[in-house]
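# Chains, contacts and geometry: an overview
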Amino acid sequence: TAQAGWQGKSRMAAARQGIVDGFTNSSAEGFRLEGFDNRPPVLASMDPLLDVGGTEKAKEKTVKKAQRIMLQRLPASDILAHFIDVHQEPADPGEAMLESTMAPIEVAEIVLHHSVTRLCELAIACRKSPVPQKWIGSSIALGFDVGETPAR
């Protein structure tokens, strides 16, 4: 995700970034996950340093780097699975409330459909661009509110 001369990047920095990119999902699928706010409990519980003693024994800077690398290596299928993970939060409204309130899994289904539709529209728009674009460092953010399930 770096090119020498682009935004003041030196050849050495671009080469170093190229090596780093080879270890991330950028080399496999052409993109990577850089961050994940309000991670679902299953993702938050993943310890990328488990094989070397866990995060309790590591310095904060090391933990942050390891977590960032863990996210950058996730394939799209895992990214989307964690993105729509609502099995623990928000709480299920209960059988009696399902007539008037959506279940969390219904919200996840709607969010996934809408997100994938919008990403496809973006991909088509990019392909239709009449002038080649430099996509180095471009970012896309996905999000939805899981605080409460909406009414039907």
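Structural data are supplied above this passage.
Here's what I pulled together on the structure shown here.

Each value, and the rule that gives it
Residues numbered from 1 in each chain as written. Predicted model: local features only at pLDDT ≥ 70, side-chain atom pairs only at ≥ 80, totals over all residues. Heavy atoms only, no water. Salt bridge = Lys/Arg side-chain N within 4 Å of Asp/Glu carboxyl O. Helix = DSSP H or I, 4+ residues; strand = E, 2+ residues; numbered from the N terminus. Buried < 20%, exposed > 50% of the residue type's maximum accessible area, 1.4 Å probe, protein only. Phe/Tyr/Trp six-rings, centres within 6.5 Å; stacked < 30°, edge-to-face > 60°. Disulfide = S-S within 2.5 Å.

## Details of the pattern of salt bridges
Counted according to the given criterion, the structure contains three salt bridges. In this structure, R152 and E106 form a salt bridge, with 2.8 Å as the shortest nitrogen-oxygen distance. Note that R152 is positioned in the segment after α6 (104-128) and E106 in helix α6, a separation of 46 residues in sequence. With relative accessibility at 26%, the residue E106 sits in the partly exposed group. Among the salt bridges present, the one from R118 reaches E121, with a minimum N-O distance of 3.8 Å. Within this pair, R118 and its partner E121 are both found in helix α6, separated by three residues, close to a single helical turn. Owing to a relative accessible area of 42%, E121 belongs among the partly exposed residues under this scheme.

## Some words on the packing of aromatic side chains
As enumerated under the stated definition, the model contains one aromatic pair in all. The interplanar angle of 85 degrees and the centroid separation of 5.2 Å between the aromatic rings of F83 and F144 together place this pair among those described as edge-to-face. Of the two residues, F83 sits in helix α5 (residues 76-83) while F144 sits in the segment after α6, which places them 61 residues apart along the sequence. Judged by its relative accessible area of 11%, F83 falls in the buried class. Of the residues examined, F144 reaches a relative accessible area of 24% and is grouped as partly exposed.

## Some words on the state of the cysteines
In this structure the tally under the stated criterion is zero disulfides. You can see C120 has no disulfide; the closest cysteine sulfur is in C126, sitting 12 Å from it. Take C120: its relative accessible area is 42%, and that puts it in the partly exposed class.

## Things to note about the environment of I19
Along the chain, I19 falls in helix α1 (residues 11-21). Spatially, the C-alpha atoms of I19 and L74 are 17 Å apart, while their sequence positions differ by 55 residues.

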